Amino acid sequence: MTGTDLQTQAIEHQIIQQYIHGVNGNKGSEGKARSSDAFSLDGPSTIDLGQCSIKQTTRSQFTLRNMGDSPLVFRWEVKNPFSIVPMEGTIPSNSSFNFMATAHPEEAGVWKSDCVFLAQSVWKLISIFVTSKMPYIQLSTSTLHLGNIPIGKVIEREIIVKNLSSVGTTLKINPTPSSYERAMKHSPLKDWLGPLESTTFKIQYVASSAGLWTAESFIISTPGGNDVKLDCSALCVGPSVSFSTNCVNFGTVKVGQSVSRVITIDNPNGKLVNLQFCAEPRGVFSFEYRYFGAISFTKSSIEVTVTFFPNAPINYYKRIFVLINNSEPTYLDVLGTAFNEDQRPPDMTISHVRSTKFRRQIGSSKLPPEQLEKTDLSVLQSAPEENVTPATLYRDYLKDESQCDDVSLSDSHVDFGSCLRSVSTSRNFKLKNNTAGKVTCLWANVDQSVFQVEPVQVDISPGEFAEFSMKFQPTLDNQYYGQRLECYVHFKTMRNHRLVTDSTITAPWCLSISAEGHTFPISTEFLPVAELQSKKIQFPHCSIGESVYETVLLTNKGDTPMKFNFLESQVEEFSCKPRRGILHPTQSQLILFTFTPSAPQIFRAVFKCELNNSSSNPLQIQLLGYGDQPNLNLQSSTVYFRITTVGDVSHRSFEIVNPIRHPIAFKLEIPENFRSIFSAFPAEGILQGNETKIIDWTFSPTKAKQYKMNVRCGIYSSNLSEANSKMMTRVQVIGESVNASVQLEPRHLNFEGVETRSSFERELILRNKSPGHVNFILKVEQILPEISRNFPAALEISPNRGELPANSSKKITVKFTPAMRDFFNFKILCFLAGDPPIKTTTECEVIGIGERPFLKISDLGSPGFPAPTLFRNFQVESVNSFLEQELEPVEEEMLVMQGSIESAKVVDRLTSFPWELGTFPQSSQSSQFYVTFTNVGVAPLHFKLNLISKTGVKMENWIDTGPRSQSQKEQDFIIDNKIFQVEPQEAQIFPGKSVRVRIEYRNQFEGHHATHLLFQLRNGKQFRIQISGKTVSKKPFLKYFTNFQVEHQFDPVVVGMVNPAWHDIELVNGRDEEVEYKLDLDAAMKQSYSENFNFDVLTCRNPMGTISKSGNLRLQFRFVPIQEKEYHFRFPMILKSKNGLQETYHLHIIATGVLAYDQPIDKTFLDCGHRALDCMKDVAKSGMPLPEDLAQISPRVIAFDKIPMYSEKTCLVVVRNPTSRNLSYEWLDEGGFVKVLPKKATLLAGDQNLCRVIFTSNGEPLFHRTTLWCRIVDLDFNLNRPDFKLNSTGMSGTIGTSKTASMMRTGWTDASRSLTPKVRFDLQEDEPSYETSLLPLSVSAQVIVEDSKQNHIQRIKVEAHDDSEQPLDERMDKVAIEIVQDVLKEIVEEVLDHPEVLDAIEETSKRGNLLFAQLLSDPLHPLDESQEVLVYEETQDNLEMYDIIGEALRETMQNLIEEINFEEFDPFDEAYED
């Protein structure tokens, strides 16, 4: 190496080290070791190779350009997993050079490397990036079962391979290693699969051998290690053939005659079927000539005729085997009895045949009938049904037909060889009788054959031989002859039916011997035309000692008979039957090959078939068989259970695998003493080749201890027969149990106030305190209501069963869903999941209350409307009563069908309530009505109040409903013009809370307007509201009535009362003029007089009169019932104005007579209650103001109940000013029985005042109702108060000022439309205006007759005097004064206990006795005589004290007044007097 080279290497090393340690300072850029313009390089500074799969190579090409005048000799310094090709070389001057950057990451990650380009003194840094990821492929299925495939069919299935990763990968498919020939193949698989791509490949299977189970696996692998396995399986099946019967009994037939029967062979698949009846053409039982040899057909069914032609009077029976190519064999039992005039054997049936076979199985077949009678025939008569299986048929068919245990022939085959046609040749053979009785041997139908046996019939003694001679007498030259000769052997006593009984009838034995010969010269040879269906047979896998079978069809294609002979194979495991025989032209023969392996290995053999005694050119067939040793691969030799609690059940999965290719059977033998503790499912079964089965072991301990058990597992070749057992293995099972300790927490759950049809969930903790695993079952036991009431499930548990590991807990969700309003009581019980489940001691009691959503109308209000009128027009009592009831069936149906088109029909069937808003003059303003709904239940509720049409639901625009009717047009007009508006249309209300709904009526269009509202309470009541209002162009005669039908219901009256109370009906004049009225009672009273036994039940005090302008009048009626029933009175009422206008209203009075048995009639006034006022008590308490009110009155309704005659009763009313403006109020005289004191006062901003409402009764019983009006005036306008006067109703007024003024009041003036309480006075010219409003106070009273001894208030004679001028103490009697004193005493005591008063006393007590000393009998502190007594003076402190005591007095008095008014405090009860 030269010095220059060493210097260059040193410079390169220095550059690399500077780069590594960051000395150079600017990575990724090029530089020079020394200053020169001869070298310059241009190229990228970064290369991003993107993403790739691990162990895959990704590459990218880039270019470097030599910008200098000299060539660059370069080399690269690159680190793994990157490489650059080429790594070294030369870049000519002013030339470009292409490089390939590659990456081959071995692991997943983000890779970055800085590659250094070195050339002389020029260097360049290039950063290379790559991200490597694990590939993830997935198959469309991991298990492919091709099903049962008919033999010879080729089937393909497509499999999809998906790449679910973001990197591409190469694919490779390989079959799993196997020592067997593969029956399945796969198509080529795509080499490269990009990100998120998919590809397909095919699995092909060729069904080659019937009964062959094929199970193979394929591995689809990637270099990155994500390999998937595809398990494929298929079963090759042969044709499905069935016989119409497997037994033909010809009955009794006379010798010399024949009888035929027809059997049907069904081929449901219509495939080619080759089958052969193994019977002689000229035997006693014969088939049609066309069915000699093997027959082929593809029809769905064929008919075969079987003929019975006996030649001697004996019993005949034979089992004819039927071979079916590529399918399992079947059989046909044929039997019959022949007789003649000299001999009559007993009639034999198939049951006798079964009994005979059963005797042969138990070793009693050698006994003749005469000796059988001496044995226990009961055992012999109970012969079971013969279990005929393919295995038994194969075994019986392969037996030597010339041999059996009871009788046997010395030879099975006689070959006469070549014979001359004119020469008879004979061969001798013997038959031995091995029974204990004499038998008779009869050769059947040998007289018509070229082969004859002599003697035809012979008797043979027990243990003796009989010798027979067979003669061959051919009739043609150059011919092959072959036949199987049959003989029937029976006990001699069977010749006559009188010698045997039914229980000793024995079926005969059928033996046969084959014979063959020919008339060809010995040296003659010729080649026949023969064909084997297959030249290769692959047997299904077989266990050692077992046998499998295959059939091959041999066909004579020539026009001359053909002799065939299969030579013995050198491999003893293979054999065939028949080995030899004669085939006539076009005749076929099914050859049955058998494979019986003797070792677990592969066996191969070649069978040669000589034709026509020629050894040249034999037919050959290759045989391949697999011998397997039955084995079972266990997952483990020991099954371990985790610690299990006593009474619980643990499961453990255990895997067993059949490692060989053919089915095996297994059986687990659990010791008897452990069968109640351990169990396995399945304990026995069949495993197909290469199949895996999961055994579910179960451990159910009964005691806390350790259990250990050894289980034997027997492995069988193909069934569970002990005789076929090949090997035995053992499995040890170990389990440990402890006592369970589970607990439910909490022990009590409470579901109170859950809305019906809704759910509420709570959590329950199930805790396992034991070291063992627990399988639990939670059950719900319903205590209340009774199950017999057929309630749906109200309590659900999730999960209700599961596993709970040791020392752990699980959250249980308990969901309560009441179906109806009721009290529910449940118990949650915990069981251990045993068989049967074992109950534990822990339980949880659950109490639930299903609450239907309860809603009621608690308040009604509308400007200018008295509360009783609204409650009557809105039928509040009926609506609230309906809301308290249970759901009706139509409501249940509505809840189910809600939202569907069909629900329109259901809506029309809902209960409907009319809401009459009243009659209003036509105006541009709207009338407002406020309905307050209160949730009186215990659960939140949600309701909807929607405007609907009469159809019930809104139709889609595309639905054609036909021409619109008049009613539908009216509804369209109401909806389009928004005559009725509801806001809000839905709301949620929490318990105890209220929501106010505003209903707006636009009285802009004249006419009567009515529509429906649908009220829907979620999971609750559903009803309709028929809302109506009337708009008129002129003022109506009567206010508050929508139509001319006036219905009024009286309170009930006791039958027989001498002096019943007067009932009144209030009429309010809606016009600004007097109106005359007249009741036309003649027709109604006349009818009532006649219907009530000429007695006046109803009388009117004022049937005619005048109603003052905008005033009111009370029609007074006295109702005296004479029967306990409901009375109805209807009569017209005519109203006339001075200008001649007239209207007629129709009054309908409903009155009820009731009985009272508990009190004397003359002293009784039935307390039936005021229905309208009873439902308004909550209104009186709430006193919810209207948005338009300037002030508030509380309460708004006063009910004076049970006022004795000639007495007074007082109620307190609070008038509040909730605004920031100064107001004044004035009570307008009602006149008559009610007055209010003080009559008028001023209310500062935020102030309130108390008023006494006094009711004074006269000397007769009366139901009294009236409305007091309180005028509120806004004083902040700073105007002179006008002379404003109203009549007793407060519904009209005039302005008396020095200047002309016009009152525009929102009442019944021309400039207004709605009944708002605000009154606007617009003064002329420059006079300012002020605002006023009218507030109604509804008052009712019930004046009763009461004994003076029971009065707490002394009756006083009411005289006409001015109460306002008389002192309060002079107008009260002694009792009243005592009451007031006691009330004031309580007020003072409550004031002194007020916290602010006590604090003030504590602060000022040190300064001496001040103001509060006047209230106390003794000073708080002893007086010091030397201390000067302070004299009370008006100071700032005194004023603060006044404010404190005054505020406390006002609050206390207000609370006391409300308690008295709301009947929470009764000053007249006995407790108060004490």
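Sequence positions are assigned chain by chain, starting from 1 and proceeding in written order. In view of the model being predicted, local features appear only for residues whose pLDDT reaches at least 70, and side-chain atom pairs are presented and counted only at 80 or more, with totals across whole chains, interfaces and linings using the full set of residues. Each side-chain value is derived from all of the structure's non-hydrogen atoms; neither hydrogens nor water enter the calculation.

1. Looking at the overall build of the protein chain
Then comes step 1: Each helix and strand counted, the protein chain has 17 helices and 98 strands in total.
Then comes step 2: Expressed as a percentage of its 1474 residues, the buried residues of the protein chain come to 47%.
Then comes step 3: In this analysis, two residues are considered to be in contact whenever any of their non-hydrogen atoms come within 4.5 Å of each other. Looking at the protein chain alone, contacts between residues at least 24 apart form 72% of all its contacts between residues at least 6 apart.
Then comes step 4: About 71,400 Å² of surface is accessible on the protein chain, with carbon and sulfur atoms providing 48% of the total. To qualify as a helix, a DSSP run of H or I must reach at least 4 residues; to qualify as a strand, a run of E must reach at least 2; elements of each kind are numbered from the N terminus. Exposed residues in this analysis have more than 50% of their type's maximum accessible area, buried residues have under 20%, and partly exposed residues fall in between, with area computed by a 1.4 Å probe over protein chains only. Surface exposure here means Shrake-Rupley accessible area, sampled with a 1.4 Å probe, where a residue is shielded only by the protein chains that are shown.

2. Here's the deal with the pairing of strand β62 (residues 774-784)
Then comes step 1: Between any two strands, pairing holds if DSSP finds at least two bridges. Two strands pair when backbone bridges link them, and β62 and strand β64 (residues 801-804) are joined in this way by four bridges, in the antiparallel orientation. Residue pairing in the sheet places F776 in a bridge with G802 of β64.
Then comes step 2: Summarising the sheet, β62 and strand β66 (residues 822-832) pair through eight bridges and their orientation is antiparallel. Looking across to β66, one finds that I777 is bridged to F831.

3. With respect to the packing of aromatic side chains
Then comes step 1: Paired rings are identified among Phe, Tyr and Trp, the last through its six-membered ring, by centres lying within 6.5 Å, and are further divided according to the angle between planes into stacked (under 30 degrees), edge-to-face (over 60) and tilted (the rest). Scanning all chains against the criterion turns up 67 aromatic pairs.
Then comes step 2: Considering the side-chain rings of W443 and F468, the 5.7 Å spacing of their centres and the 75 degrees angle between planes classify their relative orientation as edge-to-face. Residue W443 is located in strand β33 (residues 439-443), and its partner F468 is located in strand β36 (residues 465-472); the two are separated by 25 residues in the primary sequence. The same class applies to W443 and to F468, which are both buried.
Then comes step 3: Through a chain of ring-to-ring contacts, the aromatic side chains of F865, F874, W915, F920, F929, F980 and Y1001 assemble into a single cluster.
Then comes step 4: The side chain of K577 reaches across the aromatic face of Y397, ending 4.4 Å from its centre.
Then comes step 5: Counting as a charge over the ring demands two things of the Lys NZ or Arg CZ atom: a distance within 6 Å of the ring centre and an angle within 35 degrees of the ring normal. The positively charged end of R762 is found above the aromatic ring belonging to F751, 5.5 Å away from the centroid.

4. A word on the environment of F99
Then comes step 1: With respect to the element layout, F99 can be found in strand β8 (residues 95-103).
Then comes step 2: Given a relative accessible area of 1%, F99 falls into the buried group.
Then comes step 3: Once the C-alpha coordinates of F99 and F62 are considered, the two residues, 37 residues apart in sequence, prove to be 5.4 Å apart.
Then comes step 4: Discounting residues that sit within four places of it in the chain, F99 has contacts with S60, Q61, F62, L64, F74, W76, I84, V85, P86, I91 and F117.

5. Considerations on the sheet that holds strand β46 (residues 588-595)
Then comes step 1: Strand order in the open sheet made by the four strands is β39-β42-β46-β44, with antiparallel pairing throughout. Looking at the sheet topology across the chains shown, the edges are occupied by β39 (530-532) and β44 (574-577). This sheet shows a mean twist of 25 degrees between the axes of neighbouring strands, independent of strand direction.
Then comes step 2: Pairing geometry for β44 and β46, over four bridges, is antiparallel. Paired with C576 across the strands is F593, a residue of β46.
Then comes step 3: Along the sheet, helix α5 (residues 390-398) contacts β42 (548-556), β44 and β46; its crossing angle with β46, the most-contacted strand, is approximately 105 degrees. Under this scheme, a helix contributes an axis fitted over its contacting stretch, all axes are lines through C-alpha atoms, and angles between N-to-C directions fall in the 0 to 180 degree range.

6. Some thoughts on the nonpolar core
Then comes step 1: For this analysis, a nonpolar core means a set of buried residues of the types Ala, Val, Leu, Ile, Met, Phe, Trp, Tyr and Cys, connected via side-chain atoms within 4.5 Å. The biggest cluster of nonpolar side chains holds 42 residues, and the ones touching the most others in it are F874, W915, F933, F943 and F1015.
Then comes step 2: Once residues within four sequence positions are removed from consideration, F874 is found in contact with L860, V879, P914, W915, E916, L917, F929 and V931.
Then comes step 3: Counting residues in hydrophobic clusters, the runner-up holds 35 residues, among them V414, C419, V500 and W509.

7. Focus: the pattern of salt bridges
Then comes step 1: A side-chain nitrogen of Lys or Arg and a carboxyl oxygen of Asp or Glu constitute a salt bridge if their distance falls within 4 Å. This model, assessed by the stated rule, comprises 37 salt bridges.
Then comes step 2: Measuring nitrogen to oxygen at the nearest pair gives 3.2 Å for the salt bridge that ties R182 to E216. Residue R182 is found in the loop between β15 (172-175) and β16 (184-186), and its partner E216 is found in strand β19 (residues 213-221); the two are separated by 34 residues along the sequence.
Then comes step 3: By relative accessible area, which is 4% here, E216 ends up buried.
Then comes step 4: One salt-bridge network, in which partners are shared between bridges, spans R319, D333, K357 and E386.

8. Comments concerning the sheet that holds strand β25 (residues 285-287)
Then comes step 1: Reading across the sheet, the four strands line up as β21-β23-β27-β25 and stay open at both edges, with antiparallel pairing between neighbours. Pairing within the sheet leaves two strands with one partner each, and these edge strands are β21 (242-243) and β25.

9. So, helix α11 (residues 1082-1091)
Then comes step 1: Looking only at α11, the buried set comprises A1084, M1085 and S1088. Considered in projection along α11, the buried side chains sweep an arc of 95 degrees and stay on one side of the axis. Facing away from the buried side of α11 by more than 90 degrees, the exposed set consists of D1082, A1083, K1086 and S1090.
Then comes step 2: The elements touched by buried residues of α11 are β81 (1098-1100) and β84 (1126-1137).
Then comes step 3: Of the residues trailing α11, F1093 is marked for its positive phi of about 60 degrees. It is the directions from the helix axis to the C-beta atoms that the arc portrays.

10. With respect to the pairing of strand β6 (residues 82-85)
Residues in a regular strand project their side chains so that they alternate between the two faces of the sheet.
Then comes step 1: Along β6, the buried face is formed by F82 and I84; none of S83 and V85, which line the opposite face, is buried.
Then comes step 2: Summarising the sheet, β6 and β8 pair through four bridges and their orientation is antiparallel. The partner of S83 across the bridge, within β8, is T102.

11. Notes on the environment of W509
Then comes step 1: Considering the arrangement of structural elements, one finds W509 in strand β38 (residues 509-518).
Then comes step 2: Between the alpha carbons of W509 and V407 there is a distance of 7.8 Å; along the sequence they are 102 residues apart.
Then comes step 3: Whenever a nitrogen or oxygen atom comes within 3.5 Å of another N or O atom, the pair is scored as a polar contact, on the condition that within protein one atom can donate a hydrogen and the other can accept it, and that pairs from neighbouring residues in sequence are kept only if both atoms are in side chains. Here the side chain of W509 touches D406 through a polar contact of 3.1 Å, side chain to side chain.

12. What about α5?
Then comes step 1: When α5 is considered as a whole, its buried residues turn out to be T392, L393, Y394 and Y397.
Then comes step 2: On its buried face, α5 is in contact with β28 (315-324), β29 (330-339), β42, β44 and β46.

13. Some remarks on the side chain of D628
Then comes step 1: Summarising the element assignment, D628 is placed in strand β48 (residues 614-628).
Then comes step 2: On the accessibility criterion, D628 (5% relative accessible area) is buried.
Then comes step 3: Non-local contacts of D628, meaning those with residues more than four positions away in its chain, are made with Y180, H541, C542, S543, I544, P600, I660, R661 and H662.

14. Side note on a nonpolar patch on the surface
Then comes step 1: Two distance rules govern patches: like charges are joined within 9 Å, and nonpolar side chains (Val, Leu, Ile, Met, Phe, Trp, Tyr) within 5 Å, applied only to residues with over 30% relative accessible area and no salt bridge. Residues I783, L784 and F823 make up a contiguous nonpolar surface patch of roughly 230 Å² in combined accessible area.
Then comes step 2: Along the chain, F823 falls in strand β66.
Then comes step 3: The exposure class assigned to F823 is partly exposed, which follows from its relative accessible area of 36%.

15. Side note on the environment of S1108
Then comes step 1: Within the fold, S1108 resides in the loop between β82 (1104-1107) and β83 (1112-1119).
Then comes step 2: With relative accessibility at 33%, the residue S1108 sits in the partly exposed group.
Then comes step 3: With 40 residues separating them in the primary sequence, S1108 and V1068 have C-alpha atoms 9.1 Å apart.

16. With respect to unusual backbone geometry
Then comes step 1: Residue E454 is joined to P455 through a cis peptide bond whose omega torsion reads -5 degrees.
Then comes step 2: Along the chain, P455 turns up in the loop between β34 (451-454) and β35 (457-460).
Then comes step 3: Across the junction of K577 and P578, the peptide omega takes the value -10 degrees, indicating a cis bond.
Then comes step 4: Positionally, P578 belongs in the loop between β44 and β45 (580-583).
Then comes step 5: With a phi close to 65 degrees, R757 is a non-glycine residue in the positive phi region.
Then comes step 6: You can see R757 is positioned in the loop between β60 (748-755) and β61 (760-768).
Then comes step 7: Phi is positive for F1093, which is not a glycine, with a value near 60 degrees.
Then comes step 8: Position of F1093 relative to the elements: it lies in the loop between α11 and β81.

17. Concerning the side chain of N1102
Then comes step 1: Checked against the element boundaries, N1102 lands in the loop between β81 and β82.
Then comes step 2: Within polar-contact distance, the side chain of N1102 engages the backbone nitrogen of Q1116 at 3.1 Å.
Then comes step 3: Setting aside its immediate chain neighbours within four residues, N1102 contacts Y1077, L1113, R1114, L1115 and Q1116.

18. Thoughts on the confidence of the model for the protein chain
Then comes step 1: In the predicted model, the protein chain carries a mean pLDDT of 80, and the fraction of residues at 70 or more is 79%.
Then comes step 2: Low pLDDT, under 50, characterises residues 1278-1329; the stretch is placed with 146 contacts to residues that sit more than four places away or in other chains. A residue's pLDDT is the confidence the predictor assigns to it, expressed on a 0 to 100 scale.

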